[in-house]
Amino acid sequence: LDWLRRGVLDGVRVDHPDGLRDPLEYFRRLRERAPETWVVGEKILEPGEFLRESWPIQGTTGYDFLNTVGGVLVSPEGMAELGAIYAQFTGQPADFHAVAHEKKINVTQETLGSDVNRLTSLLVEICESNRDRRDYTRAEMRRAIREVAACFPVYRTYVVPAREEITDEDRACIAQATECAKRGRQDVDAGLFDFIRDVLTMEVNGKKESEFVLLFQQFTGPVMAKGVEDTAFYCYNRQAGLNEVGNDPGRDGLSVEEFHAYCETMQATHPLTMTTLATHDTKRSDDVRARLAVLSELPVRFGAAVQRWSRMNSMFREDGPGGSTMPDRNTEYLYYQTLIGAWPLTLDRASAYMLKAAREAKQKTSWVGNNQEFEGALHRFIEKTLAHEPFLRELLQFVDKVKDAGRVNSLSQTLLKHTAPGVPDLYQGTEVWDLSLVDPDNRRPVDYEVRRRLLHELKTMSDDKRVEEIMARADEGLPKMWTIYQALHLRREHKEWFGADSGYTRLVVEGTKRDHVIAYLRGDSVATIVPRLTVKLLGIWKNTTVTLPEGRWRNRLTGIDFDGGKVAIQNLLKGFPVALLVKSEGLEHA
């Protein structure tokens, strides 16, 4: 608070507020002491869930935005095909929700076993105080608590018995979880699940009941975090780029309509939330995810490549217990995706990442129970495949097929991050292409000297040749830096176009390729137009147009002017993959 008063800090990020007994009360106290401070909470929202409007903060740390953007950049049809390819290659369950549920149950039995015992003891006392609930055994209660927690569709609810505070959203989540638990554990009396529901919704109340509610709400978050984030996301590898905190990798992507609906909601409720694409906790950098998204446009080609590579590298697998081979097919499938997404990748980085992924999955080895035989075989497999010329040649050919489309995806999501409702956050090093994996890979030292030099060169290029030179030096990451540079300068010049009082308006896109465009207006003076699914587009826009408001518009990224009205997408995106248009009133700053 002293730092805030003295201006040392501009804002506060509150990590994991769901661990608090009463997050709302905490944020109220913070807001009272720091009424003007920009505050965001690392609240993990599940698909379709939004931050509580009663929380007196500006928004979240941006995972919801990250996952929305990631979803709109994949092909739904291709994702469905990848599901069939994944199931066939690995023999793994293709139902993510079944995998997540199983891992959540495992976590309640192992890592969080003491928490279950504490809740069970409290529930035993509550049942003892209710004459018609005394026949339930401790074992039944333990199983019921685990099942309800594993069935929770969100990280937690926010019932506060002391204030008799409960929302319809809370009731719906609790009801959904208990009905799911009934179906999953028919060996447990359904009446016990109903009773737990009534306690959690304060239909049955008292001092012990209130304590149970508060403890249970602090329990479901870790169950989700440890079961899904830290386990299921390393077990289910259909398209690994979607395995990010708060996402549902079992979904087949999002439509442009759903993306717009999300942005409209954020502008109406939390217009100053944080928008981000990479953090210290993301499983993969934004550029790795952008490249992996292309696989949904090439599912058949990717599936054939994986089968071919597996045969090509079969000589490097080793015999395991019970006639199995090491590494297993699921680990091998993730390995090939990792190479495609993060290439060029050194042996040390590839081996360190795959070891972490295998231990997090807890299927063949784990952090607490290292399977030295499996881990050694995995390392040797990686070492030998990365020295196998025929495989490397094919891998490089495949990366060349997806690299450019991945960069277009990166520029699309980068511009969306800087112009959609919210305040953009830039993770260290991502000013240019960054193909990092999870920590410690994404915490490597950043070469800021290179970035300073590139920024200086951007500024000193001649105007008439700048865009051409930027695209010619795409391998250095200049297109991404240019997009960020222009968007941030525009935000600084015209804060009013991006603030809480600004608008978010969908632009009308027409033509046979309209589903390949995301276009919107902020305020009435800045327009964002980005492409999606560019591999399927094949570079042919045909008659696709976007309708701009009347006036004269300049693309900040190319310097080209356009008249309002219907404008061909092909013309807008000529010379640079994305467009940031500013109406003539703002041209004096351009």
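Caption draft 1: Looking closely at the side chain of Thr37. Inspection of the secondary structure assignment puts Thr37 in the loop between α2 (23-33) and β2 (38-41). In this view, Thr37 contacts Leu4, Asp10, Gly11, Val12, Arg31 and Gln58; residues no more than four positions away in its chain are not counted.

Caption draft 2: Layout of the pairing of strand β13 (residues 561-568). Two elements, strand β12 (residues 545-555) and β13, share 7 bridges in a ladder whose sense is antiparallel. Of the residues in β13, the one forming a bridge with Arg552 is Asp563. Once β12 ends, the chain turns through 5 residues before running back antiparallel as β13, passing Gly559 with a positive phi of about 80°.

Caption draft 3: Representation of the packing of helix α13 (residues 299-312) against helix α14 (residues 329-342) within the structure. Look at α13 against α14: their axes get within 11 Å of each other, and the N-to-C directions meet at 115°. Seen from above, α13 lies across α14 with right-handed handedness. Contact residues: α13 offers Phe302, Val306, Gln307, Trp309 and Ser310, while α14 offers Arg329, Glu332, Tyr333, Tyr336, Gln337 and Ile340. For the contact of α13 with α14, the class distribution of residues is 6 nonpolar, 3 polar and 2 charged.

Caption draft 4: Representation of helix α8 (residues 168-184). Over its 17 residues, α8 runs 24 Å from end to end, which matches the ideal 24 Å to within 8%, given 1.5 Å per residue. If you check which residues of α8 are buried, you get Asp170, Cys173, Ile174, Ala177, Thr178, Ala181 and Lys182.

Caption draft 5: Seen up close, unusual backbone geometry. Residue Pro327 is bonded to the preceding Met326 through a cis peptide linkage, with omega at 0°. Residue placement: Pro327 occurs in the loop between β6 (325-326) and α14. Pro440 follows Asp439 through a cis peptide bond whose omega is 5°. Here Pro440 lies in the loop between β7 (423-424) and α18 (448-460).

Caption draft 6: Inspection of the packing of aromatic side chains at higher detail. Overall, the coordinates contain 22 aromatic pairs when judged by the stated rule. Plain terms: the ring middles of Phe302 and Tyr333 are 5.7 Å apart, the flat faces sit at 75° to each other, and that makes the pair edge-to-face. With Phe302 in helix α13 and Tyr333 in helix α14, this pair connects stretches of sequence that are 31 residues apart. Given a relative accessible area of 1%, Phe302 falls into the buried group. We note Arg329 situated over the ring of Phe89; from NZ or CZ to the ring centre the distance is 3.9 Å.

Caption draft 7: Fine view of the state of the cysteines. Using the criterion set out here, one finds 1 disulfide in the structure. Covalent S-S linkage joins Cys151 and Cys180, the inter-sulfur distance amounting to 2.3 Å. Since a negative S-S torsion denotes a left-handed disulfide, the Cys151-Cys180 link at about -60° is left-handed. You can see Cys151 sitting in helix α7 (residues 138-151) and its partner Cys180 sitting in helix α8, a full 29 residues away along the chain. For Cys151, a relative accessible area of 7% gives the class buried. Of the cysteine sulfurs around Cys173, a residue in no disulfide, the closest is that of Cys180, at 12 Å.

Caption draft 8: The arrangement of a nonpolar patch on the surface in detail. A contiguous nonpolar patch, built from Trp3, Val8 and Leu9 and spanning about 300 Å² of accessible area, is present on the exposed surface. Topologically, Trp3 is positioned in helix α1 (residues 2-6).

Caption draft 9: Spatial organisation of the confidence of the model for the protein chain. The share of residues in the protein chain with pLDDT of 70 or more is 99%, and the mean pLDDT across the chain is 96. Below a pLDDT of 50 lies the segment residues 586-590, which in the model reaches 9 contacts outside its immediate sequence neighbourhood of four places, other chains included.

Caption draft 10: Region of the structure containing α18. In this model α18 runs 18 Å from its N-terminal to its C-terminal C-alpha over 13 residues, within 8% of the 18 Å that 1.5 Å per residue would give. Within the span of α18, buried status applies to Arg451, Leu454 and Leu458. Buried residues of α18, viewed axially, fall in a sector of 65°; they line one side. Exposed and oriented more than 90 degrees from the buried face of α18 are Glu449, Arg452, His456 and Thr460. Looking at the buried positions of α18, the neighbouring elements they touch are α19 (466-472) and α20 (478-493). For α18, the side-chain oxygen to backbone nitrogen distance between the N-cap and Glu449 is 3.3 Å, and the N-cap itself is Asp447.

Caption draft 11: Here's a closer look at the sheet that holds strand β3 (residues 59-60). The strand order across the open sheet formed by 3 strands is β1-β2-β3, and the pairing between neighbours is parallel. Looking along the sheet, the strands with just one partner apiece sit at the ends: β1 (11-14) and β3. In the sheet, β2 pairs with β3 via 2 bridges, with the strands oriented parallel. Bridge pairing links Val40 to Gly59 in β3. Relative to β2, α2 is tilted by about 165°, and along the sheet it contacts β1 and β2.

How each quantity is defined
Residues numbered from 1 in each chain as written. Predicted model: local features only at pLDDT ≥ 70, side-chain atom pairs only at ≥ 80, totals over all residues. Heavy atoms only, no water. Helix = DSSP H or I, 4+ residues; strand = E, 2+ residues; numbered from the N terminus. Contact = heavy atoms within 4.5 Å. Pairing = 2+ DSSP bridges. Axes fitted to C-alpha atoms, helices over the stretch in contact; angles between N-to-C directions. Left-handed = near helix turned anticlockwise from the far one by under 90°. Nonpolar A, V, L, I, M, F, W, Y, C, P; charged D, E, K, R; others polar. Expected span 1.5 Å × (residues − 1). Buried < 20%, exposed > 50% of the residue type's maximum accessible area, 1.4 Å probe, protein only. Phe/Tyr/Trp six-rings, centres within 6.5 Å; stacked < 30°, edge-to-face > 60°. Lys NZ or Arg CZ within 6 Å of the ring centre and 35° of its normal. Disulfide = S-S within 2.5 Å. Patch = residues over 30% accessible without salt bridge, like charges linked within 9 Å, V, L, I, M, F, W, Y side chains within 5 Å. Areas by Shrake-Rupley, 256 points an atom, 1.4 Å probe, with all protein chains shown as cover. Salt bridge = Lys/Arg side-chain N within 4 Å of Asp/Glu carboxyl O. pLDDT = per-residue confidence, 0-100. Arc of directions from axis to C-beta. Polar contact = N/O pair within 3.5 Å; in protein donor to acceptor, adjacent residues only side chain to side chain.

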